[in-house]
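Observations on the model geometry
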Amino acid sequence: MTDKTQNAMWGGRFADGPDAIMEAINASISFDQRLYAQDIAGSRAHAAMLAAQGIISDKDAKAIREGLLTVLSEIETGNFAFSTALEDIHMNVEARLKEIIGEPAGRLHTARSRNDQVATDFRLWVRDRCDEAVGKLSALCMALVGQAEAGADWVMPGFTHLQTAQPVTWGHHMLAYVEMFSRDIGRFTDARKRMNECPLGAAALAGTSFPIDRFATAAALGFDRPAANSLDAVSDRDFALEFLAAAAITAMHLSRFAEELVIWSSAQFRFVALSDRFSTGSSIMPQKKNPDAAELIRAKVGRIMGANVGLMMVMKGLPLTYSKDMQEDKEQVFDAADNLMLALAAMEGMVRDMSANRANLEKAASSGFSTATDLADWLVRALGLPFRDAHHITGSLVAMAEKKGCDLPDLNLAEMQSAHAGITDEVYSVLGVHNSVASRQSFGGTAPDQVRARIADWKARLA
């Protein structure tokens, strides 16, 4: 039988200790020990508030706060023995505190519960990860802006359906991802604002009869305010779900860009060269240079999206307030956060190190009749044709060029006029890829002038 002292923190109601299997399924210390810094910060704030309100003595509060710093030091230096028998980080810390300072440690849990304690710890941890994600996303955006600035007027093919569509600039393509990742920054920032309410003081579920000051503990822990409903405070995991939702969308954006890097770095494209620092070789084919970092980023979206769905399934059927099911909230959030931060760091490294092949980009931009839309637009502007007629005429010229094995600018004027007699040699001014991108001067367009304006804007915003 398990030693009865193993449930001394909560076991007055029980005659026997838990079965070994119960202990194994019940314990969370193997993963929630990651919350040690948040747990100790919350306990120090709680002890200071209890003393300020006259609920415990200043002497006991001081002993508690100093003892908790000793516990923190032991954990950070690897000199703390975590116990599965003590279930979780809260009871591990409190048990060690009692060993250090004795009887005053028992007063720390006055006017709180593990329910509001874990909700506070976890919220603090997720809040920190939101800040970390914003920092890493900002660094990635700056790396992309650097690439955009280097190639603001380099032409490349723009694709739809992975088929050549129209010429665009390299800078414009890089800035498209800055737009995506900036929205991710906004999502993490918004999520952080919503989660910045403190559950501490909600106690088990109904609040407490002690005259606590929840505003003081909220301020001490950097929250904007205390959570306004004790039932919701202990049972809410929206903050974790919202973090995971933002993480999943970010991972999807990373995966899209990773897929392009995989394609672009292939021998068939050769648009970019990834550095050796973010590539691997083959055990059998000595010529290979594999974009493994990009491929692994592409794969991590599955784990992160899976965590989002997994926690949603944990929460979907739970009545108010706390249920032990909610112990399953942390591992998937920890895993998703770890993988997101790693993917962001890897992508930033790849972007900073990669080299774009300007000649190959321009060659590809000139293929596939990429200026056909420019020809149709010219027919509308110069000849006053309805766009549908211009579209039809351009299509017939594309078919003619395809049959001859040449591009649209290679057709002579007589051949052009065979499709419409009104075509003049002015048409050739719009058919080059550089002319094409330079003409796209609408706000948000691919013209180099527009790209440089957006680069300046982003540098100011990200500074």
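Position numbers for residues count from 1 along each chain, tracking the sequence in the order it is written. The predicted origin of the model limits local features to residues at a pLDDT of at least 70 and limits the giving and counting of side-chain atom pairs to 80 or more, whereas totals for whole chains, interfaces and linings rest on all residues. Values reported for side chains reflect all heavy atoms of the structure, with hydrogen atoms and water molecules removed beforehand.

1. A word on the environment of Met400
Runs of E in the DSSP output that reach at least two residues are strands. Runs of H or I that reach at least four are helices, and both are numbered from the N terminus. With respect to the helices, strands and loops of the structure, Met400 is situated in helix H15 (residues 387–404). The exposure class of Met400 is partly exposed, given its relative accessible area of 24%. Remark: the alpha-carbon pair of Met400 and Val451, spanning 51 residues in sequence, is separated by 34 Å. Any two residues whose heavy atoms approach within 4.5 Å are treated as being in contact. In this structure, Met400 is in contact with Leu411, Glu415 and Ser418, ignoring residues within four places of it in sequence. Summary of the burial criterion: residues with accessible area below 20% of their type's maximum are buried, those above 50% are exposed, and those between are partly exposed, where the area comes from a 1.4 Å probe applied to protein chains only.

2. Thoughts on the UniProt feature "domain: Argininosuccinate lyase C-terminal" (unreviewed entry) in the protein chain
The residues that UniProt annotates with the feature "domain: Argininosuccinate lyase C-terminal" (unreviewed entry) are residues 369–438. Here residues 369–438 is 61% helix and 0% strand, with 17 Å between the C-alpha atoms at its ends. UniProt positions are given in the numbering used here, feature names are shortened, and annotations may be inferred rather than shown by experiment.

3. A look at the packing of helix H3 (residues 36–52) against helix H5 (residues 89–101)
In this analysis an axis means a line fitted to C-alpha atoms, helices contributing only their contacting stretch, and an angle means the value between N-to-C directions, from 0 to 180 degrees. H5 packs onto H3 with a crossing angle of 60° between their chain directions and a minimal axis gap of 10 Å. As far as their axial angle goes, H5 and H3 are oblique. Of the two possible hands of crossing, H3 and H5 adopt the one that is right-handed. On H5, the residues that touch Tyr36, Asp39 and Ile40 of H3 are Ile89, His90 and Val93. Just so you know the grouping, Ala, Val, Leu, Ile, Met, Phe, Trp, Tyr, Cys and Pro go in nonpolar, Asp, Glu, Lys and Arg go in charged, and all remaining residues, Gly too, go in polar. Split by residue class, the contact of H3 with H5 holds 4 nonpolar, 1 polar and 1 charged. Should an angle fall under 35 degrees it is taken as roughly parallel, and over 145 as roughly antiparallel, whereas 65 to 115 is taken as roughly perpendicular and any remaining angle as oblique. Should the near helix be turned anticlockwise from the far one by less than a right angle, the crossing is termed left-handed; should it be turned clockwise, right-handed.

4. With respect to the pattern of salt bridges
Throughout this description, the term salt bridge denotes a Lys or Arg side-chain nitrogen within 4 Å of a carboxyl oxygen of Asp or Glu. Counting across every chain of the model gives 25 salt bridges. The salt bridge partner of Arg96 is Glu99, with a shortest N-O separation of 3.0 Å. Of the two residues, Arg96 and Glu99 both sit in helix H5, 3 residues apart, roughly one turn of that helix. For Arg96, a relative accessible area of 25% puts it in the partly exposed group. The partner of Arg129 in a salt bridge is Glu132, with the nearest N and O atoms 2.9 Å apart. Of the two residues, Arg129 and Glu132 are both situated in helix H6 (residues 114–150); the distance of 3 residues between them amounts to about one turn of the helix. Salt bridges sharing common partners tie together Asp60, Glu103 and Arg107.

5. Quick look at the nonpolar core
Side-chain atoms within 4.5 Å are what join buried Ala, Val, Leu, Ile, Met, Phe, Trp, Tyr and Cys residues into a set we call a nonpolar core. The biggest cluster of nonpolar side chains holds 100 residues, and the ones touching the most others in it are Trp170, Phe257 and Met347. The element best represented in this core is helix H10 (residues 238–264), accounting for 15 residues. Residues contacting Trp170, with those up to four places away along its chain left out, are Gln147, Gly151, Trp154, Met156, Trp264, Val272, Met354, Ala356 and Leu361. Leu375, Ala376, Leu385 and Ala390 belong to the second largest nonpolar core, which has 20 residues in total.

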